[in-house]
Amino acid sequence: MESVLKSSNNVGFEKSNIRLGRRQTKSKVMVGLTILSMILALTPLFSILGYVLVKGISALNFDFFTELPAPPGEVGGGMANGIVGTFILLGLASVIGIPVGLMSGIFLSEYGRNRFGKFVSFLTDIMLGVPSIVVGIVVYGLVVLMMGGFSAYAGGVALAFIMIPAVTRTTEEMLKLVPNHMREAGLALGIPQWRVIMKIILPTALRGIITGVMLAIARVAGETAPLLFTAFGNMYWNHSLNQPIASMPVLIFNYAISPYAEWQAQAWAGALTLILMVILLNVTARVITRKR
Amino acid sequence: MKRRYGDQVFKAVAYVFGCSIIAMLGIMLWEMFRGSSFAIDKYGPSFLFSKAWDPVAEEFGAWPFIYGTIVSSLLALAIATPISVGIAIFLVEIAPKWFRDVIGFLIELLAAIPSIVYGLWGIFVLSPIIREYIAPLFINTLGTFIPFFRGPSFGVGIFTAGVILAIMIIPTIASISREVLMVVPESQREAALALGATKWEMIRKAVLTYSRSGILGAMIIGLGRAIGETMSVTMVIGNRPEIPDSIFDPAYTMASVIANEFNEASSNLYLSTLIEIGFLLFAVTLLVNIFAKFLVWTTSRGVQEAK
């Protein structure tokens, strides 16, 4: 009798032991799957970086940075006009986008703590998700048709449209991090509110804002779609902001879909240059915030 | 008095710039509406479901592009969601802290790579791999009983576009999911473990259930990204304005038809049609983003209340 009880108890114990073992195995498998998913996401990253590095370096040379694009099929040539063009476009976009974004951010943080401000903040978030190709069409209608042709201005406006919500958002967030007692201290000294904002609040948050601006620039640096029908592209040097202008992303696009091996190689070199620029901006931005 | 004057001016200027955000959205909506009114008047709602696309005969319909956009985006979402949630779980529940920062940075790097570079890699690296290995694998297994997986593999097509889009939206979904998982209260986990749950049971029952709607919000934001993504898709989807029979067939999306044909649009109607497609894209992404925003907003409010 005793032994029967004992053995049945043992069976029960073993059963639950097996179940526990299964549950733990399942747990280990699922944990393994999360590691696998991380590997799955990082594989394309390393593949992209690896290919861009290897294929880009082999096509990269001094001419790439100094020469104009060569005609299809001819060896040599570079993307000098595209590199300069990208910087001109980024400059134009920054000149328009940074002040507007900064002031909207100041509005949201300092005057927008009410229903209207919340609404604007909400719209800013929504604008961040607008596809860039839509911005291209809008600027085509607004600037290209009005000014009678593709131009660097149009490209700059298109990129600014994409930059503004991003700069607004980070400025707002950074300013809101500034503790309220700093505002109160300034006001208590009898300094007018606008000077408190410009002289005390803004400098305090400056580091974060610069980070945000750099990330916004990095984001638009690689934008291609809105440039296709605003800045359009140009195989030569640009002599006026009123004419079509070359940019690295558009050149990479045109080269990549061309059937010429030389151009495809140059597309890789362009991608390497672009990626280095973007990563440099990203890393610098990170370093700036980390020093805090 | 003079000081007050400065304050008022500054406040007014700030308000003007604040309103500029509203103005921008208004201008965009108005400009898209104005540009597409010709096509809207001409075709009406039937435009949405017409399969015709013949620029020479001036017959236009948006269905092939809408279809391509829906299928490629949903495919991207289906691939990206489990991977992203897996990454988020790994980062929040499993990885040691130093490792977390490194991986977090790498995932962010994935988001920083320009779309055009994804496209370049897609054409020359991913598309041959899919043509030679992945597509035949699906065609020879699933294709034997599901027609949607049959047919030849070109390398470029809806499947390749879906994979590229998935890679591109993984950082978005992963980082939002990660934030959502991080706000799950520690007591929730402790309670599950105290009841004898294994690590996975704790994650599934205590963490994932708790953050369900936040993850849904992350998915929808990712979906919005995928719908509007242009260059990488344009470079790998094959650009054929037809309803594809198979997932490996070339297709077209709303964004890529605009990128490819906008500069070639020779007639007013053609141009207006493309703008209408852009308008649709715009409207859809606005709605998707508003919905996602509300979802994330109600979640975070719910979390605050729960605290």
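Residues numbered from 1 in each chain as written. Chains lettered and ligands numbered in written order. Predicted model: local features only at pLDDT ≥ 70, side-chain atom pairs only at ≥ 80, totals over all residues. Heavy atoms only, no water.

### Some details on the overall build of chain B
Summing up its helical and strand segments, chain B has 11 helices and two strands in all. For chain B, the α and β elements follow one another from N to C terminus as α-β-β-α-α-α-α-α-α-α-α-α-α. When its C-alpha atoms are laid out on the principal axes, chain B stretches across 80 × 70 × 35 Å. In chain B, the proportion of contacts linking residues at least 24 apart, taken out of those at least 6 apart, comes to 74%. In the form shown here, chain B has an accessible surface area of approximately 13,500 Å², with 65% of it arising from carbon and sulfur atoms. The positive charge centre, built from 22 side chains, and the negative charge centre, built from 22, are 13 Å apart in chain B. (Helix = DSSP H or I, 4+ residues; strand = E, 2+ residues; numbered from the N terminus. Contact = heavy atoms within 4.5 Å. Areas by Shrake-Rupley, 256 points an atom, 1.4 Å probe, with all protein chains shown as cover. Lys, Arg positive; Asp, Glu negative; His and termini not counted. Charge placed at Lys NZ, Arg CZ, Asp CG, Glu CD.)

### Let's talk about the overall build of chain A
If you tally the helices and strands in chain A, you get 11 helices and zero strands. In terms of C-alpha radius of gyration, chain A reaches 28 Å, well past the compact-globule figure of 19 Å for 292 residues. Overall, the C-alpha framework of chain A stretches about 105 × 70 × 35 Å when taken along its three principal axes. Partitioning the intrachain contacts of chain A with sequence separation of at least 6 by distance along the chain shows that 75% fall at a separation of at least 24. Element-wise, carbon and sulfur atoms account for 67% of the exposed surface of chain A, whose accessible area totals about 13,600 Å². Averaged over its 22 positive side-chain charges, chain A has a centre that lies 14 Å from the centre of its 12 negative ones. (Rg over C-alpha atoms; globule rule 2.2 N^0.38 Å.)

### A few points about the environment of Ile48(A)
Turning to its location among the elements, Ile48(A) is positioned in helix H1 (residues 2-59). Those residues in contact with Ile48(A) that sit more than four places away from it in its chain are Ile113(B), Val117(B), Tyr118(B) and Trp121(B).

### Let's talk about the packing of helix H8 (residues 193-221) of chain A against helix H11 (residues 261-290) of chain A
Residue and element names in this part refer to chain A. Two elements in contact, H8 and H11, have axes separated by 9 Å at closest approach and are oriented at 165°. When the axis of H8 is compared with that of H11, the two are roughly antiparallel. Our pair here, H8 against H11, has a crossing hand that is left-handed. On H11, the residues that touch Arg207, Ile210, Thr211, Met214, Leu215, Ile217, Ala218 and Ala221 of H8 are Leu274, Met277, Val278, Leu281, Asn282, Thr284, Ala285, Ile288 and Thr289. (Axes fitted to C-alpha atoms, helices over the stretch in contact; angles between N-to-C directions. Parallel < 35°, antiparallel > 145°, perpendicular 65-115°, else oblique. Left-handed = near helix turned anticlockwise from the far one by under 90°.)

### With respect to the pattern of salt bridges
In this structure the tally under the stated criterion is 14 salt bridges over all chains. Ionic pairing is found between Lys293(B) and Asp125(A), a salt bridge with its closest N-O pair at 2.7 Å. With Lys293(B) in helix H11 (residues 268-306) and Asp125(A) in helix H4 (residues 115-128), this residue pair bridges two chains. Under the relative-accessibility criterion, Lys293(B) is labelled partly exposed at 27%. Given the relative accessible area of 18%, Asp125(A) is considered buried. (Salt bridge = Lys/Arg side-chain N within 4 Å of Asp/Glu carboxyl O. Buried < 20%, exposed > 50% of the residue type's maximum accessible area, 1.4 Å probe, protein only.)

### Quick look at the packing of aromatic side chains
Applying the stated criterion to the full structure yields 31 aromatic pairs over all chains. With a centroid separation of 6.0 Å and an interplanar angle of 5°, the aromatic rings of Phe116(A) and Tyr15(B) are classed as stacked. Of this pair, Phe116(A) sits in helix H4 while Tyr15(B) sits in helix H1 (residues 2-43), which puts the two residues in different chains. On the basis of an interplanar angle of 20° and a centroid distance of 4.6 Å, the ring pair of Tyr255(A) and Trp263(A) is categorised as stacked. Just as Tyr255(A) is buried, Trp263(A) falls in that class too. (Phe/Tyr/Trp six-rings, centres within 6.5 Å; stacked < 30°, edge-to-face > 60°.)

### Let's talk about the interface of chain A and chain B
The interface of chain A with chain B comprises 81 residues on the first partner and 76 residues on the second. In total, about 7,100 Å² of surface goes out of reach between chain A and chain B, with carbon and sulfur atoms giving 82% of it. Put simply, chain A and chain B have three salt bridges between them. Between Glu108(B) and Arg286(A) there is a salt bridge whose closest N-O contact spans 3.2 Å. (Buried area = accessible area lost by both parts, 1.4 Å probe.)

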